[in-house]
Amino acid sequence: MIMAIAVPFIFHGCWDSGLDLVVWLMEKESTAAQVVSGVLVLAMLALGILYTIRTIKKVRGIARAAL
């Protein structure tokens, strides 16, 4: 039960920290920092999409097993 409550908060906190890092890097004048920022944005989007797909599949499996 504690994990069910804690994991979303930890995940959300990591996501917010990553977005803060992206914004901080975007504000730098260095081209390398801006490239790293762009790569981080793409990585975060990919991980977010994969996490969503995995969650949907898991919920479907639980729903099918319940029927």
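Our structure is the block above this text.
Everything numeric here is computed off the predicted structure, so don't read it as measured data. (Residues numbered from 1 in each chain as written. Predicted model: local features only at pLDDT ≥ 70, side-chain atom pairs only at ≥ 80, totals over all residues. Heavy atoms only, no water.)

K.L.:
I'm lost on the packing of aromatic side chains in this one. Help?
P.N.:
Two measures describe an aromatic ring pair: the distance that separates the ring centres and the angle between the ring planes. Evaluated as defined, the whole model comprises two aromatic pairs. Ring geometry for Phe11 versus Tyr51: centroids 4.5 Å apart, planes at 20 degrees, classification stacked. On the criterion of sequence distance, the pair formed by Phe11 in helix α1 (residues 2-26) and Tyr51 in helix α2 (residues 31-66) is long-range, its members being 40 residues apart. Here Phe11 falls in the partly exposed class, since its relative accessible area comes to 34%. Residue classification places Tyr51 among the partly exposed residues on the basis of a relative accessible area of 40%. (Phe/Tyr/Trp six-rings, centres within 6.5 Å; stacked < 30°, edge-to-face > 60°. Helix = DSSP H or I, 4+ residues; strand = E, 2+ residues; numbered from the N terminus. Buried < 20%, exposed > 50% of the residue type's maximum accessible area, 1.4 Å probe, protein only.)

K.L.:
Could you clarify how one ought to interpret α2 in this entry?
P.N.:
Along an α-helix, residues three or four apart share an orientation, since each turn contains 3.6 residues. Helix length check: α2, at 36 residues, gives a terminal C-alpha distance of 53 Å against a target of 52 Å (1.5 Å per residue), a fit within 8%. Listed as buried for α2 are Ala33, Ser37, Met44 and Gly48. Buried residues belonging to α2 abut α1. Where α2 starts, the residue carrying a side-chain oxygen 3.3 Å from the main-chain nitrogen of Ala32 turns out to be Ser30. (Expected span 1.5 Å × (residues − 1). Contact = heavy atoms within 4.5 Å. Polar contact = N/O pair within 3.5 Å; in protein donor to acceptor, adjacent residues only side chain to side chain.)

K.L.:
Looking at this structure, I do not really get the packing of α1 against α2. What am I missing?
P.N.:
For any two helices packed against each other, the geometry comes down to the angle between their axes and how far apart the axes lie. Between α1 and α2, the least distance of the axes is 8 Å, while the angle of their chain directions is 155 degrees. The angle between α1 and α2 places the two elements in the roughly antiparallel class. Relative to α2, the crossing made by α1 is left-handed. Between α1, through Phe11, Trp15, Gly18, Leu19, Leu21, Val22, Leu25 and Met26, and α2, the contact on the second element is made entirely by Ala33, Gln34, Val36, Ser37, Leu40, Val41, Met44, Leu45, Gly48 and Tyr51. Here the residues of the contact of α1 with α2 sort into 14 nonpolar, four polar and no charged. (Axes fitted to C-alpha atoms, helices over the stretch in contact; angles between N-to-C directions. Parallel < 35°, antiparallel > 145°, perpendicular 65-115°, else oblique. Left-handed = near helix turned anticlockwise from the far one by under 90°. Nonpolar A, V, L, I, M, F, W, Y, C, P; charged D, E, K, R; others polar.)

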